[in-house]
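Each chain is listed here by its residues.
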Amino acid sequence: MSINHPGVLDAELQIETYLTDMRREYLPNDIFDSLSSYYTNPTADEPVSMPNSIYLKLKAEVDKGRTCKVSMVKDLSGAPTLGANGDQRLNEEDITTKWFRQEYTDLSHATTNQQYGIYARDKAPYKVFEYRVEGLARYFKQYFGKMRRQALLEIQSENLEDAPHFNAAGLSPNWFVPNRTFAQQADYTENVADWVDRVAATMNAAGVGIKAAVSLNYLIKLEEWARDEALIAPIIFENGSDGYVVTLPSPQISWLLHVVQAGNAGTTWTSATSMPKEVLDKYPNMVGQFRGLRILNDQRYPTITLGGSASNVTYTSDSGVDYTITCQYPGMGNADDGSSDPRDKTANARQVGFLIGQAALVEWMPEGFHWEWEYEQYDKYFGSGIFCSVGIKQPIFNVTDHDDSTAQQYSSIVLPFSHPPETNYYSSSTGE
């Protein structure tokens, strides 16, 4: 025989306890925060200094203009005067200088806030108001990572394509496409439409699958291309050797580690696990070194979507747009609707990595981060945010604007890869 049991407490009276110490979403380290230093724009007779860094922060006098020209002096290349009867007169070599223009413009982000009242008290235990400081700091760390990748891939951070500069969009002048010989790589032109056509046609010709993904052979030829053809200025490592930083999309890293294990990299591959702590601290997310390339895992890699078709594939100017290249980057946070990560994960998209040498990017921030507030309704509601003025570009030195023959970028290369296998690695080719 049973007995009566107590009834369930009314739902509205059931006690709910919430942990007010909120957890934070994970944020990966970013290589650009570790390898950065300052480049001082010279005044008067001060010498130009280019430190051994992949990311340079420009210091210039903001009150003298909204743009700044960064200069470079070319090495002497003329023939010497030979023999006892040689006459040096009228054979003096003129020193050649080049420059690129750096700009900056405004950037900001703010949050909603309520200073007092019942709704403000509802949120008080959760310290939502206090989180705005940490939240905006994390937001800008992620956004600056996006801008830096934009500048490596598309010449400049996106804010420089807005007021007041309205810079034209473009693509980096240096690309090294897998499954293409040196002679088959695209020849640079400053005509944006033609350059898009050439790059897209080269990627389409390379195909998709393992042959267009990362491989040890690709990395060997990439280093040769960087040193001998593209003339990328190498970074001096702490052991006195030199080389480059190579960021690879995380799926390419997974495939490369399989290739290293399945193939025979020999003594040319050094795992990060055997490197000293001071090296790993300097290169976050490093997985190893192959010859002169320090390989980093980039979880926030961009993607490329190819569109259009070729009406003219002879690489000559046809004054029309044949192909389109759409670049996508992970945004800030982790929006539930997926809008914070618009990257193309389909099989025909390209995953983008970078080879990075000295002075690959230049940042100018004449107006640093600072807080501003906007109040209304007796200061009950207010917006608070972080503001700055900044611009990030890759340095493309030139004698005059839009001159293909003198455009010079010796600091980075874009590496577009096809999707590697995701499963069944050991029945697949090693990509060698």
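Since this is a predicted model, take the numbers as computed values, not measurements.

Attention now goes to the overall build of the protein chain. Across its full length, the protein chain holds 7 helices and 16 strands. When contacts within the protein chain are restricted to residue pairs at least 6 apart in sequence, those whose partners lie at least 24 apart make up 72%. If you sum the accessible surface of the protein chain, you get close to 23,300 Å²; carbon and sulfur atoms cover 51% of it.

The amide bond that connects Ala163 to the next residue, Pro164, takes the cis arrangement and shows omega of 5°. Here Pro164 is to be found in the loop between α3 (128–154) and α4 (192–206). A positive phi angle, near 65°, is found at Asn179, a position not held by glycine. Relative to the helices and strands, Asn179 is located in the loop between α3 and α4. For Asn179, a relative accessible area of 36% corresponds to the partly exposed category. With phi around 55°, Tyr378 is a residue other than glycine that occupies positive phi space. With respect to the helices and strands, Tyr378 occurs in the loop between β14 (361–376) and β15 (381–393). Under the relative-accessibility criterion, Tyr378 is labelled exposed at 79%.

We describe a pair of aromatic rings using the distance from one ring centre to the other and the angle between the two ring planes. Tallying each qualifying case throughout the model produces 15 aromatic pairs. Judged by centre distance (5.3 Å) and plane angle (40°), the rings of Phe176 and Tyr218 are tilted. Note that Phe176 is positioned in the loop between α3 and α4 and Tyr218 in helix α5 (residues 216–229), a separation of 42 residues in sequence. Ring plane angle 65° and centroid distance 5.2 Å describe the contact between Phe182 and Trp225, whose orientation is recorded as edge-to-face. On the criterion of sequence distance, the pair formed by Phe182 in the loop between α3 and α4 and Trp225 in helix α5 is long-range, its members being 43 residues apart. Assessed through its relative accessible area of 22%, Phe182 is described here as partly exposed. Aromatic ring contacts, followed pair by pair, group Phe176, Phe182, Tyr218, Trp225 and Phe417 into a single cluster. The ring of Trp371 has Arg132 lying over it, and the distance from NZ or CZ to the ring centre is 5.5 Å.

Okay, α5 next. Taking 1.5 Å of rise per residue, 14 residues should cover 20 Å, and α5 covers 19 Å from first to last C-alpha, within 8% of that figure. Looking at the residues trailing α5, positive phi occurs at Leu231, about 55°.

Here the protein chain averages 84 in pLDDT, while 81% of its residues score no lower than 70. Highest mean pLDDT in the protein chain belongs to strand β16 (residues 412–418) (98); lowest belongs to strand β1 (residues 36–40) (52). Contacts of residues 39–51 to residues separated by more than four positions or lying in other chains number 25 contacts, the stretch itself having pLDDT below 50. The low-confidence segment residues 428–432, where pLDDT is below 50, has 16 contacts with residues more than four positions distant or belonging to other chains.

What follows covers the environment of Trp175. Mapping Trp175 onto the fold places it in the loop between α3 and α4. Judged by its relative accessible area of 4%, Trp175 is buried. Between the C-alpha atoms of Trp175 and Met203, which are 28 residues apart in sequence, the distance is 10.0 Å. Trp175 has contacts with Leu153, Gln185, Trp195, Val199, Met203, Trp225, Ile304, Ile413, Val414 and Pro416, leaving out every residue within four places of it along the chain. Looking at Trp175, its side chain comes within polar contact range of the main-chain oxygen of Ser172, at 2.7 Å.

Let's shift gears to the nonpolar core. Nonpolar side chains tend toward joint burial in soluble globular proteins. Counting residues in hydrophobic clusters, the biggest one holds 45 residues, and the most contacted among them are Leu107, Leu153, Trp175, Tyr283, Ile304 and Ile325. The dominant element in this core, judged by the number of residues it contributes, is α3, at 8 residues. Excluding anything up to four places from it in sequence, Ile304 contacts Leu153, Trp175, Met203, Ile325, Thr326, Cys327, Ala349, Arg350 and Val352. Counting residues in each nonpolar core, the second largest holds 29 residues, with Trp225, Ile232, Trp255 and Val259 among its members.

Turning to the pattern of salt bridges, a few remarks are in order. Summed over all chains, the structure comprises 13 salt bridges. The partner of Asp298 in a salt bridge is Arg149, with the nearest N and O atoms 3.0 Å apart. One end of the pair, Asp298, is in strand β10 (residues 293–298); the other, Arg149, is in helix α3, with 149 residues separating them in the sequence. By relative accessible area, which is 5% here, Arg149 ends up buried. Here the salt bridges do not stand alone but share partners, grouping Glu223, Arg227, Asp242 and Arg291 into one network.

Sheet analysis places strand β2 (residues 55–59) next to β14, joined by 4 bridges and oriented parallel. Residue pairing in the sheet places Leu56 in a bridge with Val362 of β14. Sheet topology places β14 next to β15; 11 bridges connect them, and they run antiparallel. Residue pairing for β15: Glu376 is matched across the bridge by Tyr381. Taking the residues that link successive antiparallel strands as the turn, the β14-β15 hairpin has 4 residues, and the phi of Gln377 there is positive, at about 50°.

Quick look at α4 now. Here α4 is 15 residues long and its end C-alpha atoms lie 21 Å apart, about the 21 Å a rise of 1.5 Å per residue gives. Where burial is concerned, most of α4 is hidden: 11 out of the 15 residues are buried. Considering only its buried residues, α4 is in contact with β11 (303–308), β12 (323–328), β13 (350–356) and β16. Its side-chain oxygen placed 3.3 Å from the backbone nitrogen of Ala193, Asn191 serves as the N-cap of α4. Immediately beyond the C-terminal end of α4, within one or two residues, lies Gly207, with a positive phi of roughly 80°.

As for its placement among the helices and strands, Thr303 is situated in strand β11. At 2.9 Å, the side chain of Thr303 forms a polar contact with the backbone nitrogen of Asp344. Ignoring anything within four residues of it in the chain, the contact list for Thr303 reads Thr326, Cys327, Gln328, Arg343, Asp344, Arg350 and Val352.

The rules behind each value
Residues numbered from 1 in each chain as written. Predicted model: local features only at pLDDT ≥ 70, side-chain atom pairs only at ≥ 80, totals over all residues. Heavy atoms only, no water. Helix = DSSP H or I, 4+ residues; strand = E, 2+ residues; numbered from the N terminus. Contact = heavy atoms within 4.5 Å. Areas by Shrake-Rupley, 256 points an atom, 1.4 Å probe, with all protein chains shown as cover. Buried < 20%, exposed > 50% of the residue type's maximum accessible area, 1.4 Å probe, protein only. Phe/Tyr/Trp six-rings, centres within 6.5 Å; stacked < 30°, edge-to-face > 60°. Lys NZ or Arg CZ within 6 Å of the ring centre and 35° of its normal. Expected span 1.5 Å × (residues − 1). pLDDT = per-residue confidence, 0-100. Polar contact = N/O pair within 3.5 Å; in protein donor to acceptor, adjacent residues only side chain to side chain. Core = buried A, V, L, I, M, F, W, Y, C linked by side-chain atoms within 4.5 Å. Salt bridge = Lys/Arg side-chain N within 4 Å of Asp/Glu carboxyl O. Pairing = 2+ DSSP bridges.

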